[in-house]
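What follows is the residue order along each chain.
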Amino acid sequence: MQKAFNKMKQFLSLLPLATALFYTQPVKAAEITIPLRNQVSTQKTQVGNLPLEQRIIQQMPQEEKAASQALSTSYNIVEENGKLYALAERNGQEFFKREVKPEVADTIKRLRQPSTFISSNFWDVEYVFDPKIQATDHDLLIKLNGKAPTQFKHTPATLAQAKETLVKAGPNAKSFLQAINSLSHEKEGADLVHAGIFYLANMKSHGYDLRTPQGMNHIPDTATFTVKGFYENALYAHRAWKEFSWGREVPREEFLQTLLPARATQEPLPQTRRLIYEALKPTASKLKTAEEALRFVNQISFATVKYEPTAFEDRSSQLRFLSCGGRCEDQTDQMVELGTAIGLPVVSVSVPWWGNANDNHVWAGVQTPERTLSVNSGDPAREERLDFNYNSSAPKVFIHSAFSARKDATPKFTTTTDLTVPASNLEGKAGLFVFNYGSPREVDSAESQNGKISFKNVGNNNILYIVGRAQNGKVEQLTDPFLVTPKGPTTFYSTHPHQAKNHGMYRVTGEDIKQPLEPTGHVIAAWYDGKYIPMNPGNPLPARGEEGKRYLENVHLAPNVIYHIFRVENNQGAPHGRPFVIENGKVVAH
């Protein structure tokens, strides 16, 4: 055996702003059956200049390097009137300035450019190197597994899955075998080997997608994991699990599913666990509870990353580090990376699509033995409010980690009911859709069983749903649109707009549809049979009034019909605001 020392040049991305929240169990309503349809300027003292380093850019995925030049952001900790602030600037303009606590400022310095990170002792990683191990020595897994105590032995099926990953890795299989062999020489080698084999067995499909001029390019983790990255990830995940008090509360299975994975979701593979662990440990080791750890992570996040819209692909750790920004998916990726590095079982929490607002959302959650915590970006004022309930317009909420299938968590975040659709003549799977950005968007699916389709734990806070099937970019309706409320019963919208009765003339404001109207023309469309039918084609309505208070006057509308406004731009219709109906003589958006 020979020991090799290699320079590790992975640097860290920082974490988004988050808010710790505690949820009580919402009330569940009775089951509902849905029938099928008929067819500042102050003196600044710079405390710590934290320059960005070119080596970080060198380690970014090739496709992101050009973006990094436009997004590169200077970052400093500054002092003003006795207070510390994190200051990020782009192109000479302030991107954000946020007050930080001294211990958070110290942690950020360690994260971004501490002297320990550039010393040879830190960057050198000691692991056992066996020159005899080759990429094809897959039976090494069986050998190491056979030496393990009973509680750490894997089944033949798991070993077979791990060997499939090695086959996919090709020449890079040698990295995984060297890493697992090195783990076997650690103090708790049997436990670490068990974790390493588990990782192999569950990572075969892991990777990330990057958009290139030739199309989407999938980069598998089997090709990008290094021997040191894989070795350190398992070693320090296990160390944090055993070292921190909140980590020791995590069951073994959850350690494997939540703490062990190097990645959060679909971001380029981060291999920075040791760097984060070493940077956070001096402060984290003084904390007592998961709540304190979550607040600490939240404070770091608030001081380092600001929300901003980005491209579809998740940003790499390096690009998030350079830009000090990212969308909610990027913020959650960083939250997972930072939290799990100190043994905090952070998972992704997501709403596929909101039920009475446009867009979707991803945030981070932590399940402790006593409670469910949730952390959301952009709201530091709620950090201490551990009983804050998130957005009640969620039709479905799911939690998931890199190794676990998504789990339904809707009842933890909003009131729910069960929906049943009689489907004696239907087979296969159907989807549950909500209206979002002017179209039906799928939030759940279920198989037809025993003559019915059942959707469990559906959000019931005044949300419009459709049960249907996606066909060639369109939705084949199996039910008419229906409104689900906490009290029930549901309201169905089945009338053809040209056959509707009791029409009236209405004023529709931006406030009515939850989005200010634009000065352009507008088309009113009504939903029927899986599509919107224009009510005033070729004759767009102008918005009247001043900015922020614009309205459409004398709009011909009827009850029992779902309407949506489309903004006319360059002869194209763009959905605007939320769908709305007429209820008790008033315009009501959903």
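What you see is a predicted model; the values in this text were computed from it and never measured.

Cut-offs applied
Residues numbered from 1 in each chain as written. Predicted model: local features only at pLDDT ≥ 70, side-chain atom pairs only at ≥ 80, totals over all residues. Heavy atoms only, no water. Helix = DSSP H or I, 4+ residues; strand = E, 2+ residues; numbered from the N terminus. Buried < 20%, exposed > 50% of the residue type's maximum accessible area, 1.4 Å probe, protein only. Areas by Shrake-Rupley, 256 points an atom, 1.4 Å probe, with all protein chains shown as cover. Pairing = 2+ DSSP bridges. Salt bridge = Lys/Arg side-chain N within 4 Å of Asp/Glu carboxyl O. Phe/Tyr/Trp six-rings, centres within 6.5 Å; stacked < 30°, edge-to-face > 60°. Lys NZ or Arg CZ within 6 Å of the ring centre and 35° of its normal.

Asks: Explanation requested: the overall build of the protein in the structure shown.
Replies: Within the protein, the regular secondary structure consists of 17 helices and 33 strands. Within the protein, the proportion of its 590 residues that are buried is 57%. When the accessible surface of the protein is summed, it comes to about 25,800 Å², and 48% of that surface belongs to carbon and sulfur atoms.

Asks: Got a minute to help me understand the pairing of strand β20 (residues 439-449) in this structure?
Replies: Remember that side chains alternate between the two faces of the sheet whenever the strand is regular. Pairing of strand β19 (residues 429-436) with β20 involves eight bridges; the strand directions are antiparallel. Paired with Phe433 across the strands is Glu442, a residue of β20. The antiparallel pairing of β19 with β20 creates a hairpin that spans two residues between the two strands, and Tyr437 there sits at a positive phi of about 55 degrees.

Asks: Help me understand the pattern of salt bridges, please; the structure alone is not making it clear to me.
Replies: Should the charged atoms of two oppositely charged side chains come close, the side chains can pair. Per the stated rule, a full pass over the model turns up 18 salt bridges. Salt-bridge contacts for Asp139 lead to Lys163; the nearest nitrogen and oxygen are separated by 3.1 Å. Here Asp139 is found in the loop between β8 (124-129) and α6 (140-147), whereas its partner Lys163 is found in helix α7 (residues 156-169), with 24 residues between them in sequence. Across the salt bridge formed by Glu308 and Arg315, the nearest N and O atoms sit 3.0 Å from each other. Comparing Glu308 with Arg315 shows no difference in burial state: the two are buried. Overlapping salt bridges, with partners in common, bring together Asp314, Arg327, Glu329 and Asp330 in one network.

Asks: Sorry if this is basic, but what is going on with the packing of aromatic side chains here?
Replies: What characterises a pair of aromatic rings is the spacing of the ring centres plus the angle enclosed by the ring planes. Tallied over the entire structure, the rule returns 20 aromatic pairs. Between the aromatic rings of Phe176 and Phe230, the centroid separation amounts to 5.1 Å while the plane-to-plane angle is 85 degrees, which identifies the pairing as edge-to-face. Here the residue Phe176 occupies a position in helix α8 (residues 173-183), and Phe230 occupies one in helix α11 (residues 227-243), the gap between them amounting to 54 residues. By relative accessible area, Phe176 is classed as buried at 0%. Among the residues examined, Phe230 registers a relative accessible area of 2% and is labelled buried. Their ring planes at 70 degrees and their centres at 5.4 Å tell us that Tyr199 and Phe230 sit as a pair that is edge-to-face. Here Phe230 lies in helix α11 and Tyr199 lies in helix α9 (residues 189-202), a separation of 31 residues in the sequence. For the pair formed by Tyr199 and Phe230, the shared burial category is buried. Feature note: the residues Phe176, Phe198, Tyr199, Phe225, Phe230 and Phe403 constitute an aromatic cluster, connected by ring pairs. Just above the ring of Trp241 sits the side chain of Lys242; from NZ or CZ to the centre is 4.3 Å. Positioned above the aromatic ring of Phe398 is the side chain of Arg406, whose terminal nitrogen or guanidinium carbon lies 3.7 Å from the ring centre.

Function-wise, these values are silent; they only describe arrangement.
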